[in-house]
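Below are the chains, spelled out letter by letter.
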Amino acid sequence: MIEVLATNDPVKLSFAQAILKEAGIEAVTLDEQTSSTFGGALPWIKRRILVREQDADRAKALLLDALKDDAEQ
């Protein structure tokens, strides 16, 4: 499994999960419980999205494009 996104932003996390699901890329989200310890006040503990190694390049490209477009609006 390869990490394609690490964030504490729940909106960005949800958006990324939706993008990957729509593209048919199976993704696993780790550290959801750990990152919410102390109300998310520990910025060095991020939620991470991982995908299979063979999907990593495509997933990174999709997320880069989608999150770039989202930031421009």
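Look up: the structure comes first, before these words.
Residues numbered from 1 in each chain as written. Predicted model: local features only at pLDDT ≥ 70, side-chain atom pairs only at ≥ 80, totals over all residues. Heavy atoms only, no water.

Asker: Residue-level account of the sheet that holds strand S1 (residues 2–7), with values.
Answerer: Strands sit in the order S1-S3-S2 across an open sheet of three strands; the sheet is antiparallel. A strand with exactly one partner marks an edge of an open sheet, and here the two such strands are S1 and strand S2 (27–30). Geometrically, the sheet is characterised by an average inter-axis angle of 25 degrees between neighbouring strands, direction not taken into account. Direction of pairing for S2 relative to strand S3 (residues 47–51): antiparallel, over a ladder of four bridges. Following the sheet pairing, Thr29 is matched in S3 by Ile49. Against the sheet, helix H1 (residues 10–22) engages S1, S2 and S3, with an angle of about 10 degrees to S3. (Pairing = 2+ DSSP bridges. Helix = DSSP H or I, 4+ residues; strand = E, 2+ residues; numbered from the N terminus. Axes fitted to C-alpha atoms, helices over the stretch in contact; angles between N-to-C directions. Contact = heavy atoms within 4.5 Å.)

Asker: An account of the pattern of salt bridges is requested, with residue identities and associated values reported.
Answerer: Tallied over the entire structure, the rule returns three salt bridges. Arg48 serves as the salt-bridge partner of Glu3, at 3.8 Å between the closest nitrogen and oxygen. Remark: Arg48 occurs in strand S3 and Glu3 occurs in strand S1; sequence separation between them is 45 residues. You can call Glu3 partly exposed: its relative accessible area is 38%. (Salt bridge = Lys/Arg side-chain N within 4 Å of Asp/Glu carboxyl O. Buried < 20%, exposed > 50% of the residue type's maximum accessible area, 1.4 Å probe, protein only.)

Asker: Outline the side chain of Thr7, listing residues and values.
Answerer: Within the secondary structure, Thr7 sits in strand S1. On the basis of relative accessible area, Thr7 is assigned to the buried category, the value being 8%. Side-chain polar atoms of Thr7 contact the backbone nitrogen of Asp9, separated by 3.0 Å. Ignoring any residue separated from it by four or fewer positions in sequence, one finds Thr7 in contact with Lys12, Leu13, Lys46 and Arg47. (Polar contact = N/O pair within 3.5 Å; in protein donor to acceptor, adjacent residues only side chain to side chain.)

Asker: Requested: an account of a nonpolar patch on the surface, with residues and values cited.
Answerer: On the surface, a cluster of nonpolar side chains totalling about 240 Å² of accessible area is made up of Met1, Val28 and Leu30. Along the chain, the position of Leu30 falls in strand S2. Note on Leu30: relative accessible area 31%, which makes it partly exposed. (Patch = residues over 30% accessible without salt bridge, like charges linked within 9 Å, V, L, I, M, F, W, Y side chains within 5 Å. Areas by Shrake-Rupley, 256 points an atom, 1.4 Å probe, with all protein chains shown as cover.)

All quantities given are derived from atomic positions and should not be read as evidence of function.
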